[in-house]
Amino acid sequence: MYQRKIDNKWNFQNVNTKEYTHCYHTYPAMMIPQIARRLIQEYKPQGKCKLLFDPYMGSGTSLVEASLANINSIGTDLNPLARLIAKVKTTTYDIVNLRNEFQEIQSQFPFFSLTNIKNKNFERITNHVFWYSTESLLKLSYISQLIEEYSNNKDFFYVALAEVVREASFTRNGEFKRFRMKEDKIKDFHPDVFGIFKDKVKRNLNGLQEFKTVVGNTTVGIYDFNSILEIPQNIIDPESIDMVVTSPPYGDSRTTVSYGQFSRWANEWFSFENAQNLDSLLMGGKKCHQKIFLTETIDKELQQIYEADIKRYYEVVSFLNDYWFSIQNVANTVRKGGIVCYVVGNRHVKGVQIPLDYFTAETFERCGLHHIITLVREIPNKRMPLKTSPTNITGDKIDTITNEYIVILEK
Ligand SMILES: C[S@@+](CC[C@H](N)C(=O)[O-])C[C@H]1O[C@@H](n2cnc3c(N)ncnc32)[C@H](O)[C@@H]1O
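Residues numbered from 1 in each chain as written. Predicted model: local features only at pLDDT ≥ 70, side-chain atom pairs only at ≥ 80, totals over all residues. Heavy atoms only, no water.

A. Highlighting the overall build of the chain. Tallying secondary structure elements over the chain gives 14 helices and 10 strands in all. Here the C-alpha radius of gyration of the chain, 22 Å, is about what a compact globule of 411 residues would show, namely 22 Å. The principal-axis extents of the C-alpha atoms in the chain amount to approximately 65 × 55 × 40 Å. Taking all 411 residues of the chain together, 56% fall into the buried category. On the chain, the mean spot of the 50 positive side-chain charges and the mean spot of the 47 negative ones are 2 Å from each other. (Helix = DSSP H or I, 4+ residues; strand = E, 2+ residues; numbered from the N terminus. Rg over C-alpha atoms; globule rule 2.2 N^0.38 Å. Buried < 20%, exposed > 50% of the residue type's maximum accessible area, 1.4 Å probe, protein only. Lys, Arg positive; Asp, Glu negative; His and termini not counted. Charge placed at Lys NZ, Arg CZ, Asp CG, Glu CD.)

B. How the structure looks around the pattern of salt bridges. This model, assessed by the stated rule, comprises 25 salt bridges. Two residues, arginine 4 and aspartate 357, come together in a salt bridge whose shortest N-O distance is 2.8 Å. On the criterion of sequence distance, the pair formed by arginine 4 in strand β1 (residues 4-6) and aspartate 357 in helix α14 (residues 356-366) is long-range, its members being 353 residues apart. Aspartate 155 is the partner of lysine 87 in a salt bridge, and the nearest nitrogen-oxygen pair spans 2.7 Å. Taken as a pair, lysine 87 in helix α3 (residues 80-89) and aspartate 155 in helix α7 (residues 154-167) lie far apart in primary sequence, 68 residues in all. Given a relative accessible area of 23%, aspartate 155 falls into the partly exposed group. Salt bridges sharing partners connect three or more residues here, namely Glu163, Glu167, Lys200 and Arg203. (Salt bridge = Lys/Arg side-chain N within 4 Å of Asp/Glu carboxyl O.)

C. Expanded view of the pairing of strand β3 (residues 72-76). For β3, the tally of buried residues reaches four of five residues, placing the bulk of the element in the interior. Here four bridges tie strand β2 (residues 51-54) to β3, and the two strands are oriented parallel to one another. Counted as the bridge partner of leucine 51 is asparagine 72 from β3. Between the parallel elements β2 and β3, the chain passes through helix α2 (residues 61-68) in a crossover that is right-handed. Relative to strand β4 (residues 220-223), β3 runs parallel, the two being bridged by four bridges. If you follow threonine 76 over to β4, its bridge partner there is tyrosine 223. (Pairing = 2+ DSSP bridges. Right-handed = clockwise from strand over helix to strand, strands pointing away.)

D. Structural detail: the nonpolar core. Within the largest apolar cluster, 52 residues are counted, with the highest numbers of intra-cluster contacts made by Leu140, Phe156, Phe157, Leu161, Phe197 and Trp269. Those elements that place two or more of their residues in this core are α3, α4 (95-107), α6 (134-150), α7, α9 (193-214) and α10 (259-269). Residue contributions to this core peak at nine residues, all from α7. Here this core gathers at least three residues from each of two domains, domain 1 (4-91 + 216-268 + 278-410) and domain 2 (95-213). (Core = buried A, V, L, I, M, F, W, Y, C linked by side-chain atoms within 4.5 Å. Domains from an automatic or database assignment.)

E. Representation of the layout of surface pockets in the model. Estimates place the volume of the second largest pocket at around 360 Å³. Around the second largest pocket, the lining is made up of 17 residues, and of these Glu167, Thr171, Arg172, Asn173 and Gly174 lie nearest the centre. For the lining of the second largest pocket, the class distribution of residues is four nonpolar, six polar and seven charged. (1 Å grid on protein atoms, 1.4 Å probe; cavity = no way out; pocket = protein on both sides within 12 Å on 5 of 7 lines; lining within 4 Å. Points joined across faces, edges and corners; volume = space filled by probe spheres on them. Nonpolar A, V, L, I, M, F, W, Y, C, P; charged D, E, K, R; others polar.)

F. How the structure looks around the environment of serine 62. Tracing the backbone shows serine 62 in helix α2. With relative accessibility at 1%, the residue serine 62 sits in the buried group. With 28 residues separating them in the primary sequence, serine 62 and glutamine 34 have C-alpha atoms 9.7 Å apart. Among residues more than four places away in sequence, those in contact with serine 62 are Met31, Ala36, Leu52, Asp54, Val245 and Thr246. At 3.2 Å, the side chain of serine 62 forms a polar contact with the side chain of aspartate 54. (Contact = heavy atoms within 4.5 Å. Polar contact = N/O pair within 3.5 Å; in protein donor to acceptor, adjacent residues only side chain to side chain.)

G. Just the state of the cysteines, in detail. Under the definition given, this model contains zero disulfides. Sulfur of cysteine 367: no disulfide; nearest cysteine sulfur belongs to cysteine 341 and is 16 Å away. (Disulfide = S-S within 2.5 Å.)

H. Representation of the side chain of glutamate 315. As for its position among the elements, glutamate 315 is in helix α13 (residues 310-333). Since its relative accessible area comes to 2%, glutamate 315 is described here as buried.

Set out below in structure tokens:
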């Protein structure tokens, strides 16, 4: 089959994942920068390595690492917030300009008053009364206005604001999905909106400074095409990519990681497109009742899921159909001798683990690539409540290991 190798050196426990511009904005299921870095160092193709592609770039971790390695890059994501973050993380702004603009913006905070706020209409934000206090909304609006007035590098400040928009809402801390805090928590929740914004900008400026001391002179292209449908040839020539480094979703957003829900506060704040229905546009978001892909490696698992729950089976199939088309399109962009690295998770559905790493390797091989190795990272997980605890005591917890699979292929 497709050889797996457990290699502890890929675990990267206790490393600083927030170096350089990686500190800017959290994002669900971020790739650890050191993984992209080491993949580029150890697996970059023979001969030239001038162009890297990430078809699910999220917040742009691979793109930042490509720039640090002096490689041009192209990334795409359907989530507008992801594109904003990735763009800002890979831009080498003039720091003196940013500092001056930041001074100007901060100098206006003491003048915050109802009469000074131009936009007090928050209808664009679904259920804004449910999610925010009036005071937070007004302060956020005032910051938006100051960025408009005082900055020529608005996106840099918008990325900081995007995080505040989320943190100042009544969303439960540490959750990616939209859950509201309990009423008693809300009573005592008075976020220091200006203070949080200042801290984010300062942190991001430090990250930028660090980034600029080491980054090469590279180009980065940020796009919004959907690799399931097509990869536009005016953006990427066929057989032109030297290396792909990516971490795709491992299931549809509804039953796995909900990128749309996480991003909705910011996407609505900035009136970005598809803010309300993003999850249905992402991989596996549209239900389909026909299996289109071919597979030998995960047939048994799919059969087991089918027997356990037909509805869940078609959810998985819908995702895999999309994944299958996307891989075919991505494979076409890779040059002969180019390297493809997919970091994937093998999730459980109805108690059946789906070996997405095998399916990834198998599908790329059908497109003419050959599998080199799959590196298995062991991630010691938080203590998880298990349905079947060893002691059978409800609520008992045991330590679990989660694995991540880095599938590496060559064309
Ligand atoms: C695991 S995340 C990537 C995280 C990224 N490596 C990082 O470090 O931030 C997967 C991303 O795929 C995006 N995505 C899902 N379906 C997509 C599609 N059909 N086309 C483009 N992007 C898609 C999601 O919006 C999400 O940002």
